[in-house]
Each structure stands twice: as structure tokens, then as C-alpha cells.
Amino acid sequence: MQFYSADFMFDGHSFLADGSILVMSDDGIVEDILHNETTHSAKHLKGLLMPGMINAHCHLELSHLKGLIPEHTGLVDFLLSVNAGRHTCSPEQIDEAIVLAEQQMIQNGIVAVGDISNTNDTIRQKQQQQLHYHTFVECVGLLDANAQQRFDNSLNLCREFEKLHPASVVLHAPYSVSDTLIRLVNEVSDKKRTTIHNQECDDENELFLSGNGNFLKLFNAILQDDSFFRASGKNSLQTYLPKLDQQEQLILVHNTVSTEEDIRLAHSLKKELYWCLCPNANRYIENKLPDIPMMMKNDCTMVLGTDSLASNHELSILAEIQTIQYYFPLIPLEEMLRWATSNGANALGMQHTLGSFEKGKKPGMVQVENVVSRDSLPENLVIHYRP
Ligand SMILES: [Zn+2]
């Protein structure tokens, strides 16, 4: 057994009182947390001690696109660049980038990932079981005529991942799926963890409201046609979310332009909803952030994601917190650490093992050595991960 104390100890929910001692078994299982005990000679760790973090949204298979896609182009041009760049690397380069990206997540104290997959490129690395994964196999398809085929392909891929860990078939984004595809995915979503990219930019809302805007450029680039699209007169979330009536455990990703009205509607429709923030990707693609204080005021359950290395310089949940801290300095660090740990574990259904220092769990320990207060993270982080 090992006994640890730290300058600041965060247990996944809140900061513990000074002098708290974390008792871990030799194989990393939490045995106890002791308060006001002086009998044990605990190993004292400098800085912050916290459970391993959860990256609720990543695309590990896009790691080879690191540094290749220009910043601040807006979502439509970003998606066109990803589409063009996806197949420019050799399988070996793709594999190597996946290995390095996973390694980086481990070094940055991440223990579990909600990972979007369109291919089986990540299977080999995921077989190593160095991280916990929930793989979300993504369906994309604008035309109803192709929906069944797209769905069947995703379902087959999902079965491959399910041999390794929990996986589910999900929709990519409101603007990239036909009504038939929405129906097919919805029908297999009962009791499944699901996710969707939500309201990432104003163009997305504009498309559904009026049928105009930048997304027509995307449709024409991919299909040389935009006549299939019908506007609903409502914005993106208000159009698609009522159709997903089987998706009870849903992670909405980005939410960059979600409003108070959208949040109220979403909360009225869903029992278990998570709002995933990917601030560094938002800055990379749109150079814009969601109204996080407004989301907090409206009781959004928040989680954090890195998105992929196509739209981020690194895969680090603490770096996402640093960005939020920079733009919204009044948000308490304790709150953001909760998003990064226990909330993320709940969102991926991994709360029985991960996300907090509670008896019987095996959450991993992360020491951020140079933290000097409970209020903020320092600029340059010194992170040690202890499995
Ligand atoms: Zn994404």
C-alpha cells in the first residue's frame, strides 16, 4: 500500500482539505482517503494531485493531419481540407501518428477517450489497451438513397471495435446526415452512449433556418449538388434533436453557437446530456468559443475534449482548461477539473472505475508538479502520470 499527500488534492469532485491522505493499493486501486490522520508517513507530492483525465472527444485516426490544415478558415473549409488530406499519407504514417498521439495523451494524464472512428485504422493501437476507450463509429451521408449502405458499413465497423471495448454507431453532424440515416442510427441507439457534433458555427444554424450559407459550398464540392437539402425554418439543434428520441445518453460536442433557448429545449428532451467543450479546436477552426458562463448558468453538465490533431496542436485536457481559464478567468479551476474527471467518466459510462479517488476505483493518479494555488493552472505544466 502507498500513502500520498499533496499541496493540493482534487478527488474528482472537489479539492480536499489540507492534510488529506490518499491510500492506494500497489496495483493502483483506491483503498481509502484519510483526513486528520498523522500516524501514516505519506509520500508528499508537490503541486496538484488528481485522478486521470477523460478526453470525451477525439479522432485518433486523424492524428497524421497534425499541422497540415490551416487555422481560422471556418468549419466548411476545414472539413474540405480534412476530406482532401485524409488519404494523403501512407498506412505506415497513419499508424505511426496514432501511436505517438496516444503516447502524448498518456503523458498528459489522460486515461480514457471517447474516440470517433470512421475507419478501423486505430484498432491495432487500441488492442494494446493502454487507454480506456469508447469508440463512436461515425455515420456520414447526405443522400437518403445511400443511407442503408452507410449505416450497414458503420454497424460492421462498430462490431469490430466492440470486440475490444464499448462502441456505438453515431451520427457525425446535423449537416452531414440524411433523414433516413438519422432514423436508422436512432433506431439502434436505445441504452447506447451516443454523440454528435453540435452547432459548431453560425453557418450550421443558417443552413437549417434558411437553406443558405456556406454549407451549400460543401455540398456542391462533395456532390456537385445542393438541391436535396430542405431547410426546416428552425436552427440546427431545434431541427435534429427531437428526431433522436432513442438517444438518451448523448454528448453534444462543440456547442460554439448554442443559445439559452437551445439548451432549455435540449434539457427538456434529454435525461442524460453532456455538453462537450473543445476550446482549442474551436479556436483553431473558427477562432471563436462557446459562451461557457451562459452554459454554466443554465446547468449544462460539461465535459472536455481535445478533438483531433487536425484541429489542435496537442492532445491535452489540461491545455483545454488553460484556454478556458485565459478567456474566462472567473470560472473556478475546481469546476473545470470536475469536467475533466468525474463528469467525463460519467459521460463515457466509466464512472465505476475512473474519474475520482473513491474506494475500489482505479482512476490513475496525475501530479501537476508546478501548481501553486487552487485558483489556476500555471502557464507551463509539469505533468507526471502514475498508473
Ligand atoms: Zn470532432
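Computed from a prediction, not measured in an experiment: that's the story for all the values here.

**Q** In this structure, what is going on with the overall build of the chain? I would like to understand it.
**A** Within the chain, the secondary structure is distributed over 13 helices and 14 strands. Against the 2.2 N^0.38 benchmark of 21 Å for 387 residues, the chain shows a C-alpha radius of gyration of 21 Å, consistent with a compact globule. C-alpha extents for the chain along the principal axes are approximately 75 × 45 × 40 Å. Nonlocal contacts in the chain, meaning residues at least 24 apart in sequence, comprise 71% of its contacts between residues at least 6 apart. Approximately 16000 Å² of the chain is accessible, and the part contributed by carbon and sulfur atoms is 47%. Charged side chains of the chain number 29 positive and 50 negative; the gap between the two group centres comes to 4 Å.

**Q** Help me understand unusual backbone geometry in this model?
**A** Among all residues except glycine, the phi angle is most often negative; among peptide bonds, the trans geometry is most common. Of note in the backbone geometry, Q224 takes a positive phi value of approximately 55 degrees without being a glycine. Structurally, Q224 can be placed in the loop between α7 (215-223) and α8 (236-240). We classify Q224 as exposed; its relative accessible area is 61%. Here the phi dihedral of D299 falls at roughly 60 degrees; this positive angle occurs in a residue that is not glycine. Within the secondary structure layout, D299 lies in the loop between α11 (292-297) and β12 (302-304). Judged by relative accessible area, which is 61%, D299 ranks as exposed.

**Q** So what exactly am I meant to see when it comes to the coordination of the zinc ion here?
**A** Note on metal geometry: ideal angles are 109.5 degrees for four donors arranged tetrahedrally and 90 or 180 degrees for six donors arranged octahedrally. Looking at the zinc ion, one finds its protein donor set to be H57 (NE2), H59 (NE2), H197 (NE2) and D307 (OD), positioned 2.1 to 2.5 Å from the metal centre. Bound by 4 donor atoms, the zinc ion shows angles of 83 to 172 degrees at the metal and therefore irregular coordination geometry.

**Q** Explain the environment of G85 here, please?
**A** Inspection of the secondary structure assignment puts G85 in helix α1 (residues 75-85). With a relative accessible area of 12%, G85 lands in the buried category. Once the C-alpha coordinates of G85 and H64 are considered, the two residues, 21 residues apart in sequence, prove to be 9.1 Å apart. If we skip the residues at most four places from it in the chain, G85 touches H64 and L65.

**Q** Just checking my understanding: could you explain the domain arrangement of the chain for this structure?
**A** Many analyses report the size of an interface as the accessible area lost when the parts associate. Assigned domains within the chain: domain 1 (1-50 + 356-387) and domain 2 (53-354). The gap between the C-alpha centroids of domain 1 and domain 2 is 31 Å. At the interface, 24 residues of domain 1 touch 20 residues of domain 2. Taking both sides of the interface into account, the surface hidden between domain 1 and domain 2 amounts to around 1800 Å²; carbon and sulfur atoms contribute 64%.

**Q** Can you help me understand the pairing of strand β1 (residues 2-9) in this one?
**A** Each regular strand shows side chains that alternate between the opposite faces of the sheet. Buried residues dominate β1, accounting for 6 of its 8 residues. Note that β1 and strand β2 (residues 21-24) share 3 bridges and pair antiparallel. Paired with F3 across the strands is V23, a residue of β2. As defined by bridge partners, β1 adjoins strand β4 (residues 43-51) across 5 bridges and the pair is classed as parallel. Bridge pairing links Y4 to K43 in β4.

**Q** Help me understand the environment of M294, please; the structure alone is not making it clear to me.
**A** For M294, the position within the fold is in helix α11. On the accessibility criterion, M294 (11% relative accessible area) is buried. Taking the C-alpha atoms as reference points, M294 and Q351, 57 residues apart in sequence, are found 27 Å from one another. Ignoring anything within four residues of it in the chain, the contact list for M294 reads S258, T259, E260 and I263.

Definitions and limits used
Residues numbered from 1 in each chain as written. Predicted model: local features only at pLDDT ≥ 70, side-chain atom pairs only at ≥ 80, totals over all residues. Heavy atoms only, no water. Helix = DSSP H or I, 4+ residues; strand = E, 2+ residues; numbered from the N terminus. Rg over C-alpha atoms; globule rule 2.2 N^0.38 Å. Contact = heavy atoms within 4.5 Å. Areas by Shrake-Rupley, 256 points an atom, 1.4 Å probe, with all protein chains shown as cover. Lys, Arg positive; Asp, Glu negative; His and termini not counted. Charge placed at Lys NZ, Arg CZ, Asp CG, Glu CD. Buried < 20%, exposed > 50% of the residue type's maximum accessible area, 1.4 Å probe, protein only. Donors = N, O, S within 2.8 Å, 3.2 Å for Na, K, Ca; no water. Tetrahedral: all angles 85-135°; square planar, octahedral: opposite > 155°, others 65-115°. Domains from an automatic or database assignment. Buried area = accessible area lost by both parts, 1.4 Å probe. Pairing = 2+ DSSP bridges.

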